[in-house]
Protein chains: 2
Amino acid sequence: MASSLRLEVQDRLEEFTATERKAAHALLANYPLQGLATVAQFAKGAGVSSPTILRFVARLGFPAYADFQARLRAELEAQLNTPLARSSVLSDKENGAEDPFVEHLLANLRETFANLPRVELEAMVRLLADERKTIHLIGGRFTDALARYMAAHLRIVRPDVVHVAGQHGNWLDQLIGLGPKDVVVIFDIRRYQTEIIHFAEAAAGQGATVALITDSWHSPISRVASHVLPAQVAVPSPWDSSTALMAISEMLIAGVTRVNSERSRERMQALEDLRNAHDPLRRSPDQL
Amino acid sequence: MASSLRLEVQDRLEEFTATERKAAHALLANYPLQGLATVAQFAKGAGVSSPTILRFVARLGFPAYADFQARLRAELEAQLNTPLARSSVLSDKENGAEDPFVEHLLANLRETFANLPRVELEAMVRLLADERKTIHLIGGRFTDALARYMAAHLRIVRPDVVHVAGQHGNWLDQLIGLGPKDVVVIFDIRRYQTEIIHFAEAAAGQGATVALITDSWHSPISRVASHVLPAQVAVPSPWDSSTALMAISEMLIAGVTRVNSERSRERMQALEDLRNAHDPLRRSPDQL
DNA sequence: AGAATTCTGTATGATTTGATACGGAATGAG
DNA sequence: CTCATTCCGTATCAAATCATACAGAATTCT
């Protein structure tokens with residue numbers, strides 16, 4: 001099946017009769033909306049009669065006009081749902097630019113990725129994808145959610161992923177076995193919590209690799225970290241923003257998934273099978 | 001007349017009745033194609049009855065459904081004839097200097113806030129700031145981290161914040177006491193988990209207010225939700241992106257903090273004092 | 001708590017739409 | 001020039017669609 005009906009119509013233009021070709025040209029001239037109108041409107045637009053439109057559609061291989069429209073609709077929907085395609089269509093004030101909070105978020109992301117060293121990013125991806133290592137993730141009061149988020153994904157694409165949770169009494173237990181084959185991923189932004197700093201220093205002291213995702217005012221942990229990814233976190237609010245940290249996390253997750261693609265695929269498939277087995281209410285792909 | 005019906009629908013969202021708003025959300029979620037389907041399909045997609053769709057369209061000022069569709073068709077035709085739109089459809093990597101993943105993230109954020117109805121956002125802020133209510137937050141396999149993140153912030157600026165965690169066996173316990181004075185905030189994106197759907201339905205059935213933060217393919221929960229905030233989640237990766245969800249969460253947190261400013265200030269101050277007492281290594285307070 | 005009002009789905013009617021049969025027009029062959 | 005074949009539009013029918021009236025449900029107000 002051609003990716004677009006437009007191409008198929010163009011290719012098969014000679015097969016059609018003279019009047020059917022009028023219909024084809026009318027469709028190509030205003031693709032795909034002409035085909036989403038009623039038969040009568042399509043016919044009028046093409047200067048032919050209704051039955052000609054129906055014969056044209058039938059010759060394209062559609063059992064009914066409704067099927068033809070469904071195809072056009074699906075194509076159009078796929079196009080419109082591409083964020084890139086959509087954003088280029090939106091005007092500036094439709095881009096939600098008025099809200100200063102939104103402005104800051106967008107600027108933070110742009111700034112973050114502009115300053116993000118790609119080699120550092122790739123190095124951290126390789127580190128996280130290395131299945132000989134054990135990955136420990138930990139975060140502060142608010143950023144712990146990010147550690148958890150990343151752990152949930154990493155667990156699927158690789159083994160030996162540990163989320164260091166709970167009160168810092170427990171952290172000590174985790175510290176005991178740490179060594180050169182361990183990687184500690186730390187999320188830490190302003191109001192750096194001393195417990196986490198201690199944890200990082202102790203882990204580094206025992207030979208573990210420390211990877212840090214932080215704000216642009218580097219946390220004290222950066223002294224002992226072998227990899228640092230800084231993000232912009234300032235927004236017009238008493239709180240700092242973790243959106244850029246989340247973005248970095250997702251880039252790392254996507255990267256690791258790409259590197260460990262074979263394992264990722266089989267484990268995700270297994271997960272999907274499990275889900276289907278337990279979930280007969282799964283939605284159909286198209287609900288339009 | 002607004003340049004796009006989408007903006008008008010967003011602006012006038014509060015004029016509509018509860019069910020009409022469902023129709024509006026369905027339209028915004030799949031704009032404009034949902035409105036180009038038949039009334040019955042539109043109704044099914046929105047989870048309401050056909051007459052509600054017609055009343056919704058009538059309230060927008062259209063004498064007939066056909067006029068409404070004509071307007072959508074005209075808008076779409078204008079868009080599709082824009083050179084920008086064509087180019088974005090033709091080749092994706094013409095502009096490929098930047099990382100496509102980053103491009104998608106940025107486009108997702110822009111798109112998300114462009115489609116985010118401000119009145120809906122403010123309504124949800126008021127809801128979350130209402131200290132007479134109890135806030136329950138819950139998320140799915142991956143989005144649970146967002147629920148946790150939001151709970152960590154809300155707990156500081158208001159009382160009665162509960163994160164519904166753990167296996168869904170525990171959820172049932174939480175369900176028991178739910179009533180009209182409870183607000184359930186749900187994070188749910190594609191691969192909607194049936195347990196969460198059941199939780200939402202049960203909560204709504206007991207009179208609790210359901211607020212949903214979801215992807216643009218509205219989750220089934222939107223049927224029982226009184227507030228819905230949709231986000232863009234598609235990225236070039238096997239995973240969906242939660243960055244836009246995080247951004248929305250932070251806007252909500254900032255909003256609630258602003259509304260409950262007096263309480264927020266005193267509680268944040270208390271937190272700071274506590275930190276200072278325990279943390280002599282604290283860095284200088286402001287270095288922004 | 002009860003009444004009034006608004007809201008929303010079911011049922012039904014009027015209209016439009018997709019689909020088809022059939023007769024006439026156009027084209028080409030012999 | 002005549003016949004055969006293909007093609008195309010008018011007329012018509014069954015089915016789906018839009019539209020509305022009405023009654024039950026929900027909400028608000030007193």
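Report on the accompanying structure. (Residues numbered from 1 in each chain as written. Chains lettered and ligands numbered in written order. Predicted model: local features only at pLDDT ≥ 70, side-chain atom pairs only at ≥ 80, totals over all residues. Heavy atoms only, no water.)

### Let's talk about the packing of aromatic side chains
All names here are of chain B.
Here is step 1: Across all of its chains, the model carries 8 aromatic pairs over all chains by this definition.
Here is step 2: With 5.2 Å between their ring centres and 70 degrees between their planes, F16 and F56 make a pair best called edge-to-face. Taken as a pair, F16 in the loop between α1 (5-11) and α2 (18-29) and F56 in helix α5 (residues 50-59) lie far apart in primary sequence, 40 residues in all. Grouping residues by exposure puts F16 and F56 together as buried. (Phe/Tyr/Trp six-rings, centres within 6.5 Å; stacked < 30°, edge-to-face > 60°. Helix = DSSP H or I, 4+ residues; strand = E, 2+ residues; numbered from the N terminus. Buried < 20%, exposed > 50% of the residue type's maximum accessible area, 1.4 Å probe, protein only.)

### Some words on unusual backbone geometry
All names here are of chain A.
Here is step 1: With omega at -5 degrees, the peptide bond leading from Y31 into P32 counts as cis.
Here is step 2: Among the secondary structure elements, P32 is positioned in the loop between α2 (18-29) and α3 (33-36).
Here is step 3: In this structure, D160 is a non-glycine residue whose phi angle is positive, near 60 degrees.
Here is step 4: Mapped onto the fold, D160 is located in the loop between α10 (144-157) and β2 (161-163).

### Digging into helix α4 (residues 39-46) of chain A
All names here are of chain A.
Here is step 1: V39, F42, A43 and A46 are the residues of α4 that are buried. An end-on view of α4 places all buried positions within 100 degrees of arc, on one side of the element.
Here is step 2: Those residues of α4 hidden inside the fold are in contact with α2, α3, α5 (50-59) and α6 (65-80).
Here is step 3: Just beyond α4, the residue with positive phi is G47, at close to 75 degrees. (Arc of directions from axis to C-beta. Contact = heavy atoms within 4.5 Å.)

### Things to note about the side chain of H153 of chain A
Here is step 1: By the element assignment, H153 of chain A lies in helix α10.
Here is step 2: Of the residues examined, H153 of chain A reaches a relative accessible area of 2% and is grouped as buried.
Here is step 3: The contact partners of H153 of chain A, leaving out residues within four places of it in the chain, are I253 of chain A together with F142 and W239 of chain B.

### With respect to the protein's contact with DNA strand C
Here is step 1: What surrounds DNA strand C is a group of 14 residues, the closest being V39 and Y65 of chain A together with T17, T19 and T52 of chain B.
Here is step 2: Backbone atoms, meaning sugar and phosphate, make up 65% of the atoms of DNA strand C lying within 4 Å of the protein.
Here is step 3: The backbone of Y65 of chain A places a nitrogen or oxygen atom 3.0 Å from a phosphate oxygen of DNA strand C.
Here is step 4: Of all the secondary structure elements, the ones that give two or more residues to the surface near DNA strand C are α4 and α5 of chain A together with α2 and α5 of chain B. (Near = heavy atom within 4 Å. Polar contact = N/O pair within 3.5 Å; in protein donor to acceptor, adjacent residues only side chain to side chain.)

### Quick look at the protein's contact with DNA strand D
Here is step 1: Lining the immediate surroundings of DNA strand D are 14 residues, of which T17, T19 and T52 of chain A together with A64 and Y65 of chain B lie closest.
Here is step 2: By atom count, sugar and phosphate contribute 65% of the portion of DNA strand D lying within 4 Å of the protein.
Here is step 3: Take T19 of chain A: an N or O atom from its side chain is 2.3 Å from a phosphate oxygen of DNA strand D.
Here is step 4: Mapped by element, the contributors of at least two residues to the surface near DNA strand D are α2 and α5 of chain A together with α4 (39-46) and α5 of chain B.
Here is step 5: Residues belonging to the surface near DNA strand D are distributed by class as follows: 8 nonpolar, 5 polar and 1 charged. (Nonpolar A, V, L, I, M, F, W, Y, C, P; charged D, E, K, R; others polar.)

### Things to note about the environment of R6 of chain A
Residues and elements named next belong to chain A.
Here is step 1: Note that R6 resides in helix α1 (residues 5-11).
Here is step 2: In this structure R6 comes out as partly exposed when scored by relative accessible area, which is 25%.
Here is step 3: Through-space distance from the C-alpha of R6 to that of Y31 is 7.5 Å; in sequence the pair is 25 residues apart.

### Overview of the packing of helix α9 (residues 118-129) of chain A against helix α13 (residues 243-259) of chain A
Helix packing geometry: the angle between the two helix axes and the distance between the axes.
Residue and element names in this part refer to chain A.
Here is step 1: Their axes nearest at 9 Å, the elements α9 and α13 cross at an angle of 55 degrees. By the angle class used here, α9 and α13 are oblique. For the pair α9 and α13, the sense of crossing is right-handed. Residue-level contacts link L121, M124, V125, L128 and A129 of α9 to M251, L252, G255, V256 and V259 of α13.
Here is step 2: Tallied by class, the residues present in the contact of α9 with α13 amount to 9 nonpolar, 1 polar and no charged. (Axes fitted to C-alpha atoms, helices over the stretch in contact; angles between N-to-C directions. Parallel < 35°, antiparallel > 145°, perpendicular 65-115°, else oblique. Left-handed = near helix turned anticlockwise from the far one by under 90°.)

### A few points about the sheet that holds strand β1 (residues 134-139) of chain B
All names here are of chain B.
Here is step 1: The 5 strands lie next to each other as β2-β1-β3-β4-β5, forming an open sheet whose pairing is parallel. Looking at strand neighbours, the two that pair on one side only are β2 (161-163) and β5 (227-231), the edges of this open sheet. The sheet shows a mean angle of 15 degrees between the axes of neighbouring strands, direction not considered.
Here is step 2: Packed onto the sheet, helix α12 (residues 194-205) meets β1, β3 (182-188) and β4 (209-215) and runs at close to 160 degrees relative to β3. (Pairing = 2+ DSSP bridges.)

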